[in-house]
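Chain and residue survey
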Amino acid sequence: QVQLVESGGDSVQAGGSLRLSCAVSRDMYFRNCIAWFRQTSEKGRESVAGIAGDGTTTYGDSVKGRFAISKDNAKTTVYLEMNSLKVEDTGMYYCAVGWAQWCTLTEAHFGYWGQGTQVTVSS
């Protein structure tokens with residue numbers, strides 16, 4: 001069974017920052033695309049950011065310039081640094097591992113999902 005565990009969600013004021021972590025099983029970490037999705041009341045499930053096996057990053061339009069995805073190979077952990085948070089960023093954030101090295105940020109391209117971590121942004 002693949003282990004995919006998110007952490008770091010919290011309640012924060014608008015304009016603040018949070019850093020989410022996703023610990024990924026070693027057998028899936030090094031070659032596959034790893035991405036963050038979120039589930040919000042208004043938009044449902046949407047892609048946030050992805051990092052490909054070669055390190056190439058991709059971001060959803062709503063978070064460009066505010067969020068950054070990165071990874072620590074020694075810890076087999078992917079991070080999502082979230083800055084300038086807005087109320088509309090509120091939702092459950094999920095880490096997911098794709099079927100391939102390259103990131104195509106639609107749900108059908110991801111086979112493994114974590115249980116999620118809640119982010120709540122208040123005004």
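None of the values given here were measured: they were computed from a predicted structure.

Right, let's get into the layout of surface pockets. As a volume, the largest pocket reaches approximately 170 Å³. Lining the largest pocket are 13 residues, and of these Arg38, Thr40, Glu42, Glu88 and Asp89 lie nearest its centre. A breakdown of the residues in the lining of the largest pocket according to their chemical character gives one nonpolar, four polar and eight charged.

Another aspect to go through is the sheet that holds strand β8 (residues 77-82). Spatially, four strands are ordered β1-β3-β8-β7 in an open sheet, and the strand pairing comes out antiparallel. Since the sheet does not close on itself, it has two edges, and those belong to β1 (4-7) and β7 (67-72), each with one partner. Taken pair by pair, the neighbouring strands of this sheet meet at an average axis angle of 15°, ignoring direction. Strand direction decides the pairing type here: strand β3 (residues 18-24) and β8, joined by six bridges, are antiparallel. Within β8, the position partnered with Cys22 by the bridge is Val78.

Now for unusual backbone geometry. Backbone geometry at Thr76 places phi at a positive 45°, although glycine is not the residue there. Looking at the secondary structure, you find Thr76 in the loop between β7 and β8. Its identity is not glycine, yet Ser84 carries a phi of approximately 50°, on the positive side. The topology assignment puts Ser84 in the loop between β8 and β9 (91-98).

A few words on the side chain of Arg66. Here Arg66 shows up in the loop between β6 (57-59) and β7. The exposure class of Arg66 is buried, given its relative accessible area of 10%. One polar contact links the side chain of Arg66 to the main-chain carbonyl oxygen of Ser62, over a distance of 2.8 Å.

Note on aromatic pairs: each is described by the distance of the centres and the angle between the planes. Enumeration according to the criterion identifies five aromatic pairs in this entry. An angle of 80° between the planes, with centres 5.1 Å apart, marks the rings of Phe37 and Phe110 as edge-to-face. Note that Phe37 is positioned in strand β4 (residues 34-40) and Phe110 in strand β10 (residues 110-113), a separation of 73 residues in sequence. Every member of this aromatic cluster is reached through a ring pair, and the members are Phe37, Phe110 and Trp113. The aromatic ring of Tyr79 is capped on one face by Arg19, whose charged end is 3.9 Å from the ring centroid. Taking NZ or CZ as reference, Lys71 lies 5.6 Å from the ring centre of Tyr29, over its face.

Thresholds applied
Residues numbered from 1 in each chain as written. Predicted model: local features only at pLDDT ≥ 70, side-chain atom pairs only at ≥ 80, totals over all residues. Heavy atoms only, no water. 1 Å grid on protein atoms, 1.4 Å probe; cavity = no way out; pocket = protein on both sides within 12 Å on 5 of 7 lines; lining within 4 Å. Points joined across faces, edges and corners; volume = space filled by probe spheres on them. Nonpolar A, V, L, I, M, F, W, Y, C, P; charged D, E, K, R; others polar. Pairing = 2+ DSSP bridges. Helix = DSSP H or I, 4+ residues; strand = E, 2+ residues; numbered from the N terminus. Axes fitted to C-alpha atoms, helices over the stretch in contact; angles between N-to-C directions. Buried < 20%, exposed > 50% of the residue type's maximum accessible area, 1.4 Å probe, protein only. Polar contact = N/O pair within 3.5 Å; in protein donor to acceptor, adjacent residues only side chain to side chain. Phe/Tyr/Trp six-rings, centres within 6.5 Å; stacked < 30°, edge-to-face > 60°. Lys NZ or Arg CZ within 6 Å of the ring centre and 35° of its normal.

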